[in-house]
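Now for the letters of each chain:
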Amino acid sequence: MSCKVGIMGGTFDPIHYGHLLAAEECRRSLKLDRIVFIPTGNPPHKDAGRLTSAEDRYAMTLLATAGVPEFSVSRTEVDRARPSHTVDTLKEFIERGIDSRDLYFITGLDALLSIATWKDYMQIPSLCTIVTATRPGYSLAEVESLPVEIRGKLKLVEIPQFAISSTEIRSRARESRGIRFLVPRLVESYIESCGLYRDVEVPQS
Ligand code: NAP
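Residues numbered from 1 in each chain as written. Predicted model: local features only at pLDDT ≥ 70, side-chain atom pairs only at ≥ 80, totals over all residues. Heavy atoms only, no water.

Help me understand the state of the cysteines, please; the structure alone is not making it clear to me.
Note: disulfide means a covalent bond formed between the sulfur atoms of two cysteine side chains. Taken as a whole and assessed by the stated rule, the structure comprises 0 disulfides. Of all cysteine sulfurs in the structure, the one in Cys-128 sits closest to Cys-3, which takes part in no disulfide; the separation is 16 Å. We classify Cys-3 as partly exposed; its relative accessible area is 31%. Cysteine Cys-128 remains unbridged, with the sulfur of Cys-26 as its closest cysteine sulfur at 13 Å. You can call Cys-128 buried: its relative accessible area is 0%. (Disulfide = S-S within 2.5 Å. Buried < 20%, exposed > 50% of the residue type's maximum accessible area, 1.4 Å probe, protein only.)

Explanation requested: the sheet that holds strand β6 (residues 154-158) in the structure shown.
By way of backbone hydrogen bonds, the strands of a sheet pair with one another, either parallel or antiparallel. The sheet built from 6 strands is open, its strands ordered β3-β2-β1-β4-β5-β6 with parallel pairing. Sheet topology places β3 (71-73) and β6 at the edges, where each strand pairs with a single neighbour. Averaged over all pairs of adjacent strands, the angle between their axes in this sheet comes to 25°, without regard to strand direction. Note: strand β5 (residues 129-134) against β6, 5 bridges, orientation parallel. Paired with Thr-132 across the two strands is Leu-156, which belongs to β6. (Pairing = 2+ DSSP bridges. Helix = DSSP H or I, 4+ residues; strand = E, 2+ residues; numbered from the N terminus. Axes fitted to C-alpha atoms, helices over the stretch in contact; angles between N-to-C directions.)

This is the structure in structure tokens:
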């Protein structure tokens, strides 16, 4: 029997309720059986020195999804020594036996807008359905600027309350403004006990 799998890719620095809500909305609207969160390891498009360590981001993603039977977290990009390319991750899932018709890659529209710069991006539509979780007020013109091959495999899932961002949470943590109710309780405790985001300049996502 087929099992529809959503791959929720992101930096998750940190993971927050907006990501969890987006994953759940995509799961329900596309009738996915499970969602695998994949924190990026060594993202080729970011200055790794400005990111929280991959292990901390992985740990926060685990804590945020603990106890949700349909959600799991993969270390595949965290453990990969070479840069994290989505095309490689999708191929890994297919090699493990998941049919590309059952594979859904979910990420934010802001991230997807740079897809034409990603490694072998033209292969991505043949490996999965692409799903983007949009925030209220996104522009359709932005979607139309995506390459036609990507648009042909794209599904949009609008998340009405998805106005939380990792950038805002890092700023609030740095300025001790409180992040309760923006992230799960266990993630809040992890950020506090490890002193994450306290002394660093806050880079935009
Ligand atoms: P990002 O810069 O962290 O995020 C860009 C925007 O998308 C932010 O507004 C972010 O919100 C939002 N976002 C990120 N992940 C999301 C998700 N799963 N659901 C909803 N919104 C999300 O983007 P990124 O994390 O680096 O990249 C996203 C995905 O694209 C990752 O899986 C990454 O590996 C992939 N990617 C691949 C390549 C490549 O193959 N060369 C290059 C770039 C990105 P928050 O800030 O609130 O998270």
